[in-house]
Amino acid sequence: GARRPIPPPRRAAPNLQQRQRTSKDNEEYAKDFFSASRLHFIGSWKARFELICDTLPPAPPLPAVAPGCERVVLHIDMDCFFASVAAALRPELAGLPLAVSWGEASSTHAEIASASYEARAKGVRNGMWIPQALRCCPELLVAPYEFGEYEKAAEAMYRVVFSVTPHVMGVSVDECYADVTGLGDPAALAASLRARIRDATKCNASIGIGPNRVVARLATAQAKPNGMRALSGKEARELLWDLPVRTLPGIGQTTSTKLEQAGIVTCGDLGIADAETARAAIGAKLATRLQGFACGRDDRPWESRPVRKSVGAQASWGVRFALASEAEHFVHQLAGEVASRLAAGKLRGRSVTLKVWRAMAGVPAWAVKGEMGHGMCDNLSRTLSLEQFTCSATRIGHEGCKMLRELAVPPADVRGMGLAVGKLEGR
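Residues numbered from 1 in each chain as written. Predicted model: local features only at pLDDT ≥ 70, side-chain atom pairs only at ≥ 80, totals over all residues. Heavy atoms only, no water.

J.: So what exactly am I meant to see when it comes to the pattern of salt bridges here?
T.: A side chain of one charge can pair with a side chain of the opposite charge if their charged atoms are brought near each other. Evaluation of the coordinates by the stated rule reveals 16 salt bridges. In this structure, R279 engages E276 in a salt bridge whose closest nitrogen and oxygen atoms are separated by 3.4 Å. Note that R279 and E276 are positioned in helix 13 (residues 275-282) at a spacing of three residues, about one turn of the helix. In this structure R279 comes out as partly exposed when scored by relative accessible area, which is 36%. The partner of D378 in a salt bridge is R358, and the shortest N-O contact between them spans 3.5 Å. You can see D378 sitting in strand 11 (residues 377-390) and its partner R358 sitting in strand 10 (residues 347-359), a full 20 residues away along the chain. Residue classification places R358 among the partly exposed residues on the basis of a relative accessible area of 29%. Shared partners join several salt bridges into a network, and the residues in it are D77, D79 and K224. (Salt bridge = Lys/Arg side-chain N within 4 Å of Asp/Glu carboxyl O. Helix = DSSP H or I, 4+ residues; strand = E, 2+ residues; numbered from the N terminus. Buried < 20%, exposed > 50% of the residue type's maximum accessible area, 1.4 Å probe, protein only.)

J.: Looking at this model, I keep getting lost on the side chain of S304. Mind explaining?
T.: Here S304 is to be found in the loop between helix 14 (284-294) and strand 9 (310-315). Of the residues examined, S304 reaches a relative accessible area of 17% and is grouped as buried. Here W302 takes part through its side chain, which lies 3.3 Å from a polar atom of the side chain of S304. Sequence-distant contacts of S304, that is, excluding residues within four places in its chain, are made with F49, A59, H167, V168 and M169. (Polar contact = N/O pair within 3.5 Å; in protein donor to acceptor, adjacent residues only side chain to side chain. Contact = heavy atoms within 4.5 Å.)

Shown next, in the form of structure tokens:
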């Protein structure tokens, strides 16, 4: 095909210009942010996944498992998705170190969002600043976000998976689970899926095979890059045993810290821990689920289309204010975004939640993320219940501003904000 050069970042978006502008400097910051935000694109994928589902018949009940057999679940995960799409659009870049970022190679405060395996081999990692990445790999090529192309590739991947089974659980823009119980040899199915996804997207997918989601996910980690792997529950337990507990899905920094304080450091520790010890550390429900994960069990229900509990919008990059009026104006910008998402989903709700990231005082210099990042923060939230359902941007913004005033965070300390509507119903 014709050579497709790497385009410059979108100059029309102020938050993609070389000199970054914050919400203090740009009255339309939220609009620009959501039009050019990787995190927004990833976070709003659920709505686009539902649109794909709307074009398909409802999924029937999961197939029964034959006596003496186990369920067969595939975990499909695209490799270095953003970078792979950029390379697929430009075949002449095949085999070259490539990364995706909102900034150019000359940017000083732009993070790497996705890096090809060729770039990773040189030490480039997601989340690195571009100057650091260039020190690791001086020949690194940097491509901008191309959200429309990601959306096309993601839908193509999902359509291929749906053509094999109606039992598909969307996880994110580049990742899903598929139940293929009773559909034949799992390895042959996975190999066929990988080839068809490659044909449809020009990108590689790795696939893990297991008796449940947690084992299939672990198998995918073993399969990468560009491979497939099957694991039994027993093999999963053996692999997990010496790995840190944060390897398991659903364990973040807070949960892992609580477990470590209780003497539970590895998955093996968790698997053999006294149930009461684990429950005292993290609560009964979470402890039961995670102890199952550590032993290769996963009893979570299969939800092809999870019920949406809330619709929201948030930003924690470039959020800076000098005056309370600026912060309230930003709340109304978020409210407009939330209202448009409610309208797209034909939804309305009876509660409004405000989240505020408040900068911590006295943090070390390395934890202050320059003029744009949020750095170390306290996360505050308030929720108001409404007497009537609403999808009005004006009403949502009014309630959000009311809660912002109640939180009484000095405007100069605000590093991020989120607004969400819950208790939803269709309209």
